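Report on the structure
These are the residues of each chain, in order.
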Amino acid sequence: MPDVWAMEEEEAANRDAAKDQQLFKQTCGNIRRIMKEILDLKKQKNSAAEISEKRVQALLLFLTMKKLNRLEKIRNRKVRDATNEAKQKVDSHHLQLQNLLYEVTHLTKEVNKCLEFKSKDEEIELVSIEEFYKEAPEEISRPDRTVNDAHQQTLARLDWELEQRKRLAAKCCEAEKRKEEMLKDIQKQKEYLDALAPCLIAILQVATPVQDQLGVQSEMKRLQNRMAPYLPTPLFVLFVQSTAYVEAWNEKMEVSIEGDIDEATSLKDAVEEQDEDSGDSDQEELVGVKRYRRSTIDKLTEARRKILQKHPICASIVVNAKDGSKLKLRFYYLIALHIITVTTELTVESEMQTPSRDVLSLSMLLDHLFPDDDGRTTPNKANYYQLKRLGMDDFEAYVAEIGRPYVWAQRLGGLDFVQSQGTKESFSNAAPSKAKSSSDISCSHMEIVIGAIKERLNARISLQKLLVDLEQGVVPVPKESLKLFPAKIATHLSSWSSLAWEDYQALPQVSRFVNGGLVTDKHFLFSATLERGSAKLNACVAVGMHYPLEPAIFSLSCFWKETKTSLIDTALWDMEQEVNVYWKDLVAASEPPHHCLLANQLHCLAMCFDVYLETESTDGAVEGPREFAKEKMFFRQSCGRSRSKPFKYDSKLCLFTYR
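Residues numbered from 1 in each chain as written. Predicted model: local features only at pLDDT ≥ 70, side-chain atom pairs only at ≥ 80, totals over all residues. Heavy atoms only, no water.

Our focus in this paragraph is the overall build of the protein. A tally of regular secondary structure across the protein gives 22 helices and 11 strands. Here the protein holds 659 residues, and the buried ones make up 36% of them. For the protein, the proportion of contacts with a sequence separation of at least 24, taken over those separated by at least 6, is 67%. Just so you have it, the protein exposes about 40500 Å², and 55% of that area is on carbon and sulfur atoms. (Helix = DSSP H or I, 4+ residues; strand = E, 2+ residues; numbered from the N terminus. Buried < 20%, exposed > 50% of the residue type's maximum accessible area, 1.4 Å probe, protein only. Contact = heavy atoms within 4.5 Å. Areas by Shrake-Rupley, 256 points an atom, 1.4 Å probe, with all protein chains shown as cover.)

Here it is in structure tokens:
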């Protein structure tokens, strides 16, 4: 058999392919002709012998075709092998070319590195050549060798640089030693003074009762009384009224004066001379700015600085919270704008930081303490024109620098711009931007404002502590409120996290709250997930600025069997009403101002979710074990045309009823 294949391969190599192609066409034509003849013989019904002879001829022609086909296959295989061999040679040569190109690139990079190499001595700033030959000794400079040899000259200059640096290093070490000795002496004196300070404080504390008994003012009070006359009139009124308030009500509140008395002394005469013509002087300064074009930028910058200038002395009030935290309020008086601004500083008693949005943020702590008072706009309408003349239209951009001019702060200083600008006398006054300070206004507002600040501070601290517990999956319901709920609630809080305003707006179930103005970007937004078995209840919680005087607003969506929201499921709508509308039923009457309201709302929501799942899973048409067993006591699983659920809990009867 191998001999036959060898013979055919040899024959395929020797025969002409074109002739074989011609033979193949001729054979195909003969076969076609014989087949036609066989067909004609069958139609004529001639003898079978002639038909058989034609068949034999056709079969012989088929054998010839098969042989030609084998020869063609052999030729194709040889051509394919030759082509592959040629391709391998081309690939090998191409690979060698790539290797050579890579080596050329690598060598080029190395050559460039060598050409671009920079020695470290080039980074050293050496002295000039003239100074080198002038100052360096001859054993280092060696002029006879280095003048005409640049390399030797550079080496000599480096040696001289090294010698100089050694000398400087020695001097630096000596200076460091002297510095350490002086620091040790300073530390000893500081320790002595630190040890002396407690003794002096103890002496002052011991002497304070004696001074009070003898009617002698303490040193601190004397210092405060000495600084008080230098306060501007509104801050003086605020200081006097707040001090009187503390003494009258024995409040645990600290009132003090801070600032530089020397600078206040230099400004006292100027402040006292500012009377009704202060507005005209401001206009003259601005006219001068327009006249002298050469120094326009400098004068404009100086004018902007002066219009935002604070009085060097400020009044401060420290409000104490129930847990020991302290809120320090500093009241500044802006001399040119004639308004009082407030800055805050909070010192918490314990660590209450949480990954959620910080409700104790100083930028939002006192916002909207009273309606429409966020401290971002000036209450003095005349300031708008003063700032506009200087190109300072956006007052909010300077709030971080000067503090917040809350309306209640003006009231504490006895300022009432609305009344001063609402009378006829205000239009005839030459200085409408400066309102007169009244002690009566400060006295009538002091108790209300201080009470509101203390209530806001205690509420925010309680809310911050509650958020820390919620992020740990704990709902801290107080003991006084446990009687408002059943003993066993199977639903639990699985997650609690903050929520951005953009993400909150994108939820369909909150659109009615946003469009109705019940929830704004000023709210603290959170996302809570409650779980029981395979069912999940997602609640978007919006806590307002006035919490707990106003309840948190919940919007619900449920994930059990299918996704539902309160817009399409009346049961979820009723659950929202239980926590949003009937929130007063969730707080014990003995617990104003209801700092536990949010925890009770979440606990009520878990209770209602239990009822929802137990009523939905008690369908008699469903066979087999139920996922949620009935644990709550209720008579009917739904009532009325709306098929409302028994979400209202009667704590006296320990059962659930309908609204």
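Between helix α18 (residues 439–471) and helix α22 (residues 597–616), the shortest axis-to-axis distance is 10 Å and the interhelical angle comes to 35°. Together, Leu463, Leu466 and Leu470 of α18 and Leu598, Ala599 and Leu602 of α22 make up the contact between the two elements. A per-class count over the contact of α18 with α22 returns 6 nonpolar, no polar and no charged. (Axes fitted to C-alpha atoms, helices over the stretch in contact; angles between N-to-C directions. Nonpolar A, V, L, I, M, F, W, Y, C, P; charged D, E, K, R; others polar.)

Most of strand β3 (residues 326–334) sits inside the fold, with 7 of its 9 residues counted as buried. Pairing analysis gives 6 bridges linking strand β2 (residues 313–320) to β3, with the strands arranged antiparallel. Each bridged residue has a counterpart across the sheet, and for Asn320 the counterpart in β3 is Lys326. Following β2, the chain reverses through 5 residues before pairing antiparallel with β3; Gly324 in that reversal takes a positive phi of roughly 100°. Here β3 pairs with strand β4 (residues 339–347) via 9 bridges, running antiparallel. If you follow Leu327 over to β4, its bridge partner there is Leu346. (Pairing = 2+ DSSP bridges.)

Another aspect to go through is a negative patch on the surface. A surface patch of negative charge is lined by Glu176, Glu180, Glu181 and Asp185. For Glu181, the position within the fold is in helix α7 (residues 150–214). (Patch = residues over 30% accessible without salt bridge, like charges linked within 9 Å, V, L, I, M, F, W, Y side chains within 5 Å. Salt bridge = Lys/Arg side-chain N within 4 Å of Asp/Glu carboxyl O. Lys, Arg positive; Asp, Glu negative; His and termini not counted. Charge placed at Lys NZ, Arg CZ, Asp CG, Glu CD.)

This part takes up the nonpolar core. Phe331, Trp408, Trp496, Phe554, Met575 and Leu598 are the most contacted members of the largest nonpolar core, which has 104 residues in total. If you tally residues by element for this core, the top one is α22, at 13 residues. Ignoring sequence-local partners within four residues, the contact set of Leu598 consists of Leu463, Leu466, Leu470, Trp496, Val541, Val543, Tyr547, Ala552 and Phe554. (Core = buried A, V, L, I, M, F, W, Y, C linked by side-chain atoms within 4.5 Å.)

Our focus in this paragraph is a nonpolar patch on the surface. On the surface, a nonpolar cluster with roughly 510 Å² of combined accessible area is contributed by Tyr192, Leu193, Leu196, Leu200 and Ile203. Within the secondary structure, Ile203 is located in helix α7. On the basis of relative accessible area, Ile203 is assigned to the exposed category, the value being 54%.

Right, let's get into the confidence of the model for the protein. Looking at the protein, pLDDT values average 82 and 86% of them are 70 or higher. A low-confidence stretch, residues 620–624 stays under pLDDT 50, and its non-local contacts, those more than four residues away or across chains, total 0 contacts. (pLDDT = per-residue confidence, 0-100.)

Moving on, we get to the sheet that holds β4. Strand order across the open sheet formed by 4 strands is β1-β2-β3-β4, with antiparallel pairing between neighbours. With one partner strand each, in any of the chains shown, β1 (253–259) and β4 form the two edges of the open sheet. Between one strand axis and the next, the sheet turns through 20° on average, direction left out of account. In this structure, β1 lies alongside β2, joined through 7 bridges in antiparallel fashion.

Attention now moves to helix α2 (residues 17–44). In a regular helix each residue adds 1.5 Å, so 28 residues correspond to 40 Å; α2 covers 41 Å between its end C-alpha atoms and thus fits that length. One side-chain oxygen of the residue at the start of α2 lies 3.3 Å from the amide nitrogen of Ala18, identifying that residue as Asp16. Positioned one or two residues after α2, Lys45 has a phi angle of 55°, which is positive. (Expected span 1.5 Å × (residues − 1). Polar contact = N/O pair within 3.5 Å; in protein donor to acceptor, adjacent residues only side chain to side chain.)

For the structure on display, the rule yields 8 aromatic pairs. Relative to Tyr612, the ring of Phe609 lies with its centre 6.2 Å away and its plane at 15°, an arrangement referred to as stacked. Note that Phe609 and Tyr612 are positioned in helix α22 at a spacing of 3 residues, about one turn of the helix. The pair formed by Phe609 and Tyr612 is uniform in burial state, with each residue classed as buried. Every member of this aromatic cluster is reached through a ring pair, and the members are Phe331, Tyr406 and Trp408. The ring centre of Tyr332 lies 4.2 Å from the NZ or CZ of Lys310, which sits over that ring. (Phe/Tyr/Trp six-rings, centres within 6.5 Å; stacked < 30°, edge-to-face > 60°. Lys NZ or Arg CZ within 6 Å of the ring centre and 35° of its normal.)

Attention shifts here to helix α3 (residues 48–116). Between its first and last C-alpha atoms α3 spans 100 Å; for 69 residues at 1.5 Å apiece the expected length is 102 Å, and the two agree. Within the span of α3, buried status applies to Ile51, Lys54, Ala58, Leu61, Met65, Leu68, Leu71, Ile74 and Arg75.

With antiparallel pairing, 5 strands are arranged side by side in an open sheet as β5-β6-β7-β8-β9. Each edge of the open sheet is held by one strand with a lone partner, namely β5 (492–498) and β9 (562–565). For this sheet, the mean angle separating the axes of adjacent strands, direction not counted, is 20°. The sheet contact formed by strand β6 (residues 524–532) and strand β7 (residues 535–543) spans 9 bridges and is antiparallel.

Let us now look at the side chain of Asn538. Structurally, Asn538 can be placed in strand β7. In this structure Asn538 comes out as buried when scored by relative accessible area, which is 16%. Of note is the side chain of Asn538, whose polar atom sits 3.4 Å from the side chain of Ser527. Contacts of Asn538, omitting those with residues within four sequence positions, involve Ser527, Ala528, Thr529, Ser555, Leu556, Ser557 and Phe559.

Glancing now at unusual backbone geometry. Across the junction of Tyr547 and Pro548, the peptide omega takes the value 10°, indicating a cis bond. Looking at the element boundaries, Pro548 is found in the loop between β7 and β8 (553–560). A positive phi angle, near 55°, is found at His368, a position not held by glycine. The residue His368 is located in the loop between β4 and α13 (382–389) in this model.

Quick look at the pairing of β8 now. Most of β8 is tucked away: 7 of the 8 residues are buried. Two strands pair when backbone bridges link them, and β7 and β8 are joined in this way by 7 bridges, in the antiparallel orientation. Paired with Leu537 across the two strands is Cys558, which belongs to β8. One ladder, built from 4 bridges, connects β8 with β9; its direction is antiparallel. The residue bridging Trp560 from the neighbouring strand is Glu562, located in β9.

Let us look at the side chain of Asn600. Mapped onto the fold, Asn600 is located in helix α22. With near-sequence residues (within four places) excluded, Asn600 lies in contact with Val477, Pro478, Ser481, Phe485, Leu586 and Val587.

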